[in-house]
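Residue-level listing of the chains:
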Amino acid sequence: MCGFAGFLDVRRLTANPQDVLARMGQSISHRGPDDDDVWYCDDGGIGFSHRRLAVVDLTATGKQPMSSACGRYVIVFNGEIYNHLALRAQVQSSSSGVVWRGTSDTETLLACFSTWGIEATLRAAVGMFAIALWDRRTRELTLARDRMGEKPLYWGWQGNVLLFGSELKAIRMHPLCKGEIDRDSLALLVQYNYIPAPNSIYTGIEKLRPANYITFRAGQAPGSAVPASYWSLSAAARFGTSNPFLGSDIDAIDTLEGQLSQSVGLQMIADVPLGAFLSGGVDSSLVAALMQAQASMPIQTFTIGFEDAKYNEAVHASAVAAHLGTRHTEWRITARDALDLIPRLADIYCEPFADSSQIPTYLVSKLARQHVTVALSGDGGDELFGGYSPYQFAPGLWKRLGRLPLGLRRLAAQLGAGLPLSEKASKLLNVLPARSREDFYQKLRSHWPQQQKIVLGTRAEQSSWKQIIDCDGVDRFEDWMMLIDTQGYMSDDILLKVDRASMANGLETRVPILDHRVVELAWRLPFHQKIRDGKGKWILRQVLNRHVPEHLIDRPKQGFSIPLGEWLRGPLRDWAETLLDERILREDGYFSVEPIRRAWNAHVHGSADHSGKLWSILMYQAWLQCHIYQPPSRVR
């Protein structure tokens, strides 16, 4: 796990390129506290900066930027290739002249690129990764990202210079980066609490989509290169639903347990101490159980607890840890621990991000890093196996709403607008005017209805999922929702949240449920093995029941949440009031002030809970103060 940044500047517009690369790397030093280096080739105008968190091959032979043995390629790489030993053996058998210098997966990747080429190597790799690869022979730069989007990669042209990096912080360190706010991306933040790929908060800078790679040729005109995919989640979903698993329930449980066990075993390979997050829920308990089943000694598990029993899952995690026999560490955090972190969030997240579970995720990462360098997490189970509650209630609700005339539903939404309503009632009011099931789910997931009226200067039509996600060919509504969430919410919210929170603490996280072979198997499993009797993740529960008694797990889904609404009325009120000051909002010129102030006043006075929608505004305002150094252009 590491971080990298760099640029391709054929016209040599970057003065003192090595100094610039050093500053780009220093800005993400938290991603790699163990080592750093830069590499610059004046012949191609290409430069790499790398920060290393040593996990596999702790010696100097794992240092990056790294050149291939043949001298053709130079690479910087963030992530882990879990099957790299198998790839080494394959390369060795097909090219007898390979001489290995060390044992790192970075060196394995270089040998594979040299032997098989870029796309074949990406298809063969099992892991999480972001890669920048320079080909000295063809003078081409290739950027690539893992299948599910576990590791981040930003890129974009600023004038005639191509910039790229693991975080926007590094890109901002280049003197030619303009740092102009993309108001359409800001509208997406307000709508979803995160900015979906390929958008980023800066104009001209994109997130490379998962399972994509893009190649730039030195001297090529900006904008002429386009990403290509080497794997497709949507294709895996279409194939799986068309070619379902035909065995019995027991056969399916055995098959899934075998694949998950293999994935967990591969992800337990490390040259540093390793553990697991444990919330006591289905997914994290299953990962911990499969780890312990393959370990020769008790594994280390970590959880945080809250003083407020409504938000405290630590007691359940402790019970699971006791049954499995793990070395369990718990941190019972106070409100003060969380509140002290909040002013730092804007710096930790390189673009504005508003999933409030970022707070407990950071704190459990901080706890784990005191004991281990790598932690496995249980993310992915909800999206792949039907765990979220909308997968159970949304189809029925849409069926009932769809029977009512659209005009009547629109009238009811207009009459209810502005009334003091609960969060659930507000959601229902928002979905009433939906024209289709897709529109219904998009509105259900949105925090601010008509977000284009909240963000000044944005385009009204820009935020459709269909513009950013391929979901064609998946007919069942529940399957469609899971596919949408896997490509969007999971990649751009859940995985981004975990990456920034863990890397801010110098901790590597791994997600075995998102091994692409598990993903492909999940899409082959029949629907009734995911959602049964109104309960999601049926088959995951059956696997877990083989390792942990059902009574330790069988309870309503709680989620990694915090008492945000109460804090905004109490200890966070002054902080929030400063960021939402009417004069500041007007001077900044990004938001329509009146609806924000109405929501804030209603929340403070307890007539509604608007914490979810207000958090996106607060996180943007805090991020703006932290990262932007010039006044925005005004839009009135």
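Residues numbered from 1 in each chain as written. Predicted model: local features only at pLDDT ≥ 70, side-chain atom pairs only at ≥ 80, totals over all residues. Heavy atoms only, no water.

(A) Summary view of helix α25 (residues 593-604). The first and last C-alpha atoms of α25 sit 16 Å apart over 12 residues, in line with the 16 Å expected at 1.5 Å per residue. Within α25, 9 of the 12 residues are buried, which leaves the element mostly enclosed by the surrounding structure. Among the residues of α25, those classed as buried are V593, P595, I596, R597, A599, W600, A602, H603 and V604. Each element contacted by the buried residues of α25 is listed here: α22 (564-569), α23 (573-579), α24 (582-588) and α26 (611-627). Once α25 finishes, G606 follows within two positions and takes phi at roughly 80°, a positive value. (Helix = DSSP H or I, 4+ residues; strand = E, 2+ residues; numbered from the N terminus. Expected span 1.5 Å × (residues − 1). Buried < 20%, exposed > 50% of the residue type's maximum accessible area, 1.4 Å probe, protein only. Contact = heavy atoms within 4.5 Å.)

(B) Layout of the environment of E150. For E150, the location among the structural elements is in the loop between β7 (140-145) and β8 (154-158). Between the C-alpha atoms of E150 and T509, which are 359 residues apart in sequence, the distance is 9.3 Å. Ignoring anything within four residues of it in the chain, the contact list for E150 reads M128, L495, D499, V511 and L514.

(C) Spotlight on the packing of aromatic side chains. According to the stated counting rule, one finds 20 aromatic pairs in the structure shown. Relative to Y489, the ring of Y194 has its centre 6.3 Å away and its plane inclined at 55°; by these criteria the two rings are tilted. Here Y489 lies in helix α19 (residues 477-503) and Y194 lies in the loop between α6 (183-192) and β10 (206-207), a separation of 295 residues in the sequence. Through successive ring pairs, a cluster of aromatic residues spans Y192, Y194, Y388, Y391 and Y489. Of note, K530 hangs over the ring of W523, and the distance from its end group to the ring centre comes to 4.8 Å. (Phe/Tyr/Trp six-rings, centres within 6.5 Å; stacked < 30°, edge-to-face > 60°. Lys NZ or Arg CZ within 6 Å of the ring centre and 35° of its normal.)

(D) Here's a closer look at the pattern of salt bridges. Summed over the entire model, instances satisfying the criterion amount to 34 salt bridges. Across the salt bridge formed by E438 and R437, the nearest N and O atoms sit 3.1 Å from each other. Overlapping salt bridges bring together R31, K151, E167, D499 and R500 as one network. (Salt bridge = Lys/Arg side-chain N within 4 Å of Asp/Glu carboxyl O.)

(E) Just the side chain of K613, in detail. You can see K613 is positioned in helix α26. Overall, the relative accessible area of 18% leaves K613 in the buried class. Aside from chain neighbours lying at most four places away, what touches K613 is H447, W448, P449 and A599.

(F) Fine view of the nonpolar core. Formed by 185 residues in total, the largest nonpolar core has its most connected members in I131, F591, W615 and Y620. Ranked by residue count, the leading element in this core is α19, at 13 residues. Apart from residues lying up to four places away in sequence, Y620 is in contact with I181, L186, L189, I201, P352, Y590 and F591. By size, the runner-up hydrophobic cluster in this structure holds 23 residues, among which are V74, V76, L143 and W157. (Core = buried A, V, L, I, M, F, W, Y, C linked by side-chain atoms within 4.5 Å.)

(G) Here's a closer look at the pairing of β8. Of all 5 residues in β8, 5 are buried; the element is thus mostly enclosed. Neither face of β8 is exposed, since Y154, G156 and Q158 on one face and W155 and W157 on the opposite face are all buried. Two elements, β8 and β10, share 2 bridges in a ladder whose sense is antiparallel. Counted as the bridge partner of Y154 is K207 from β10. Inspection of the sheet shows β8 paired to strand β9 (residues 161-165) by 5 bridges, in the antiparallel sense. (Pairing = 2+ DSSP bridges.)

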